[in-house]
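If you want the building blocks of each chain, they are given just below.
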Amino acid sequence: MRSLLLLTLLAAALQAVSLPELIESARAKHPSLEAIRSRIAAADYAIERAKHFDNPAVGLAINDIRLDDPTDRSLERMQTQSITLSQKIPWFGKRDAKEAIRKAQKRLLFASLEEAEALLFARIKQSAYRLWETKRLIEVTRRTIALTQQNIELFEAYTASSDSGDTHMGIMSAELVKSRLKTSLKRLIAKKERLVALLGYLSFRDLHDVDVELPDSDTLPPEDPVSLTKKSPLVKIEEAKERVESRRLELSRLQSDIDPVVSLGYFQRSAFEDYLSIGIGFSLPIYGTEEREAQERRALLLAQRSRVADARKRAASRVEGLLAEARSSRQIVRIIEEESLPQIEHMFDLIRSDIAAGGDLYRFVDLVERKLRLDAEAISARARYAMTLAEIEAILGEPL
């Protein structure tokens, strides 16, 4: 009973994980996303802190210290000890402007999180589709190796009594092809293991295998990249940066407004009554510092608006190019699978019959390699189509 339970647990542990499970695992546990979420949590404290006044300044003073006897505080009637408190009062609207900056920075973090998720999920999908491609190439390579070996055996059986040079040349050529295929197979297996390890890192979980299926959709979005990219994370993050710069400009305009400084002091005298002192002061913006800062912020805002326009155009251009690549990959698949492969399969059946009757093995193995390359091209085109869709989804920020 225990052995059966252990086998069941082992089988569950080794069971292939699906692509949606990888994405959900990455969403929940990947450190790069957790770091941004922590910064978003920290932004709440920054927003709350923006509402606070600056810390007050406390001063302690001892007046009229005699150099001949500093410790004697009864020699002069006007000797005093005092404590003062000074508080800067932000002018109306400045605290609200600081809070608006922090809120805009928080929205920028949310946009950064959305962009990071889109890029991470796209990389997971593309790696998974590349794994699908590698697995299919492994399968077709193994079938080709088996087919080559089978035809070598058929040819050897028919030409067992022949000792001609053509016979040896055909067998040697077939063995060389089989060796090349086995070498390619080993490289593909190593690539598969690397991709599984990469997916384990991207999803932040231990993996033994991934069960990948290509998306069923064969319909591309309409060719209007500008409308498609309005909600692109790439555009959103630049727009969020623009809002931050706009809020900073608003605050810099308020900096020229004078902030009053209120002072309160308590003075203690040994020969007279103690007394309080209240004063008010102002910072004088007479050097033009605040105006220069506002001009700097205005220039930075204009620069950021240019980056927003560039991001919109860049996203639309990238989507347009990727749509063209997706259409090309889809057409390649149709040409190979619907036009070329059916005829080639029929010819292969005829050639295999010829091999069994002692036909040209050298020519056959050459055709085997060519057919393998054609199969591989169809598999790669399917994978490229799916990977292109994943990249488009990352730019758009939503599934197609």
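The model shown is predicted, which means the values in this text are computed figures rather than measured ones. (Residues numbered from 1 in each chain as written. Predicted model: local features only at pLDDT ≥ 70, side-chain atom pairs only at ≥ 80, totals over all residues. Heavy atoms only, no water.)

(A) The arrangement of the overall build of the chain in detail. Within the chain one finds 9 helices and 6 strands. Out of the 400 residues in the chain, the part that is buried amounts to 36%. Within the structure as shown, the chain displays about 24,000 Å² of accessible surface, and the carbon and sulfur contribution to it stands at 55%. (Helix = DSSP H or I, 4+ residues; strand = E, 2+ residues; numbered from the N terminus. Buried < 20%, exposed > 50% of the residue type's maximum accessible area, 1.4 Å probe, protein only. Areas by Shrake-Rupley, 256 points an atom, 1.4 Å probe, with all protein chains shown as cover.)

(B) Broad picture of the pattern of salt bridges. A complete count under the given rule lists 22 salt bridges for this structure. The salt bridge involving Arg 384 is made with Glu 377; its shortest N-O contact spans 3.2 Å. When its relative accessible area of 31% is taken as the criterion, Arg 384 is described as partly exposed. The exposure class of Glu 377 is partly exposed, given its relative accessible area of 32%. Beyond isolated ion pairs, a larger network of salt bridges with shared partners links Glu 48, Lys 51, Glu 99 and Lys 103. (Salt bridge = Lys/Arg side-chain N within 4 Å of Asp/Glu carboxyl O.)

(C) Up close: the layout of surface pockets. The calculated volume of the largest pocket comes to roughly 290 Å³. Around the largest pocket sit 16 residues that line it, and Ala 118, Phe 121, Glu 393, Gly 397 and Glu 398 are the ones nearest its centre. Of all the secondary-structure elements, those providing two or more residues to the lining of the largest pocket are helix H2 (19-29), helix H4 (94-158) and helix H9 (361-396). With 6 residues, the top contributor of residues to the lining of the largest pocket is H4. A per-class count over the lining of the largest pocket returns 8 nonpolar, 1 polar and 7 charged. (1 Å grid on protein atoms, 1.4 Å probe; cavity = no way out; pocket = protein on both sides within 12 Å on 5 of 7 lines; lining within 4 Å. Points joined across faces, edges and corners; volume = space filled by probe spheres on them. Nonpolar A, V, L, I, M, F, W, Y, C, P; charged D, E, K, R; others polar.)

(D) Spatial organisation of the pairing of strand S3 (residues 80-88). By the bridge criterion, 6 bridges tie strand S2 (residues 57-62) to S3 in an arrangement that is antiparallel. Residue pairing in the sheet places Ile 62 in a bridge with Gln 81 of S3. Pairing of S3 with strand S5 (residues 260-269) involves 9 bridges; the strand directions are antiparallel. Bridged to Gln 87 within S5 is Val 262. (Pairing = 2+ DSSP bridges.)

(E) Quick look at the nonpolar core. Ranked by size, the top nonpolar core spans 46 residues in total, and within it Leu 22, Ile 124, Tyr 129 and Leu 199 carry the most contacts. Among the elements that take part in this core, H4 stands out by supplying 15 residues, more than any other. Leave out the neighbours within four places in its chain, and Leu 199 touches Leu 22, Ile 124, Ser 127, Ala 128, Leu 131, Leu 207 and Val 210. (Core = buried A, V, L, I, M, F, W, Y, C linked by side-chain atoms within 4.5 Å. Contact = heavy atoms within 4.5 Å.)

(F) Fine view of H2. Along H2, the residues that are buried comprise Leu 19, Leu 22, Ile 23, Ser 25 and Ala 26. One side of H2 carries all its buried residues, which in axial view fall inside an arc of 160°. Residues of H2 that are exposed and point more than 90 degrees away from the buried face comprise Pro 20 and Ala 28. (Arc of directions from axis to C-beta.)

(G) Quick peek at helix H7 (residues 233-254). Under the 1.5 Å per step criterion, the end-to-end length of H7 is 32 Å for 22 residues, consistent within 8% with the ideal 32 Å. For H7, the set of buried residues is Pro 233, Val 235, Ile 237, Glu 238, Ala 240, Val 244, Glu 245, Ser 246, Leu 249, Leu 251 and Ser 252. (Expected span 1.5 Å × (residues − 1).)

(H) Structural view of the side chain of Glu 245. Here Glu 245 shows up in helix H7. Residue contacts for Glu 245: discarding those within four places in its chain leaves Arg 297, Leu 300, Leu 301 and Gln 304.

(I) Local environment of the confidence of the model for the chain. In the predicted model, the chain carries a mean pLDDT of 83, and 83% of its residues have values of at least 70. Throughout residues 4-13 the model reports pLDDT below 50, and contacts reaching past four residues in sequence, or to other chains, amount to 1 contact. (pLDDT = per-residue confidence, 0-100.)

(J) Local environment of the environment of Thr 229. Topologically, Thr 229 is positioned in the loop between helix H6 (225-228) and H7. Residues Thr 229 and Val 319, spaced 90 residues apart in sequence, show a C-alpha to C-alpha distance of 8.1 Å. In contact with Thr 229, other than residues within four places in its own chain, are Val 235, Arg 312, Ala 315, Ala 316, Val 319 and Leu 396.

(K) Geometry of the sheet that holds S3. The strand order across the open sheet built from 4 strands is S2-S3-S5-S6, with neighbouring strands paired in antiparallel fashion. If you trace the sheet from one side to the other, it starts and ends with S2 and strand S6 (275-282), each paired once. Neighbouring strand axes in the sheet, compared pairwise and without regard to direction, differ in orientation by 20° on average. (Axes fitted to C-alpha atoms, helices over the stretch in contact; angles between N-to-C directions.)

(L) Here's a closer look at the environment of Gly 93. Here Gly 93 is to be found in the loop between S3 and H4. Judged by its relative accessible area of 31%, Gly 93 falls in the partly exposed class.

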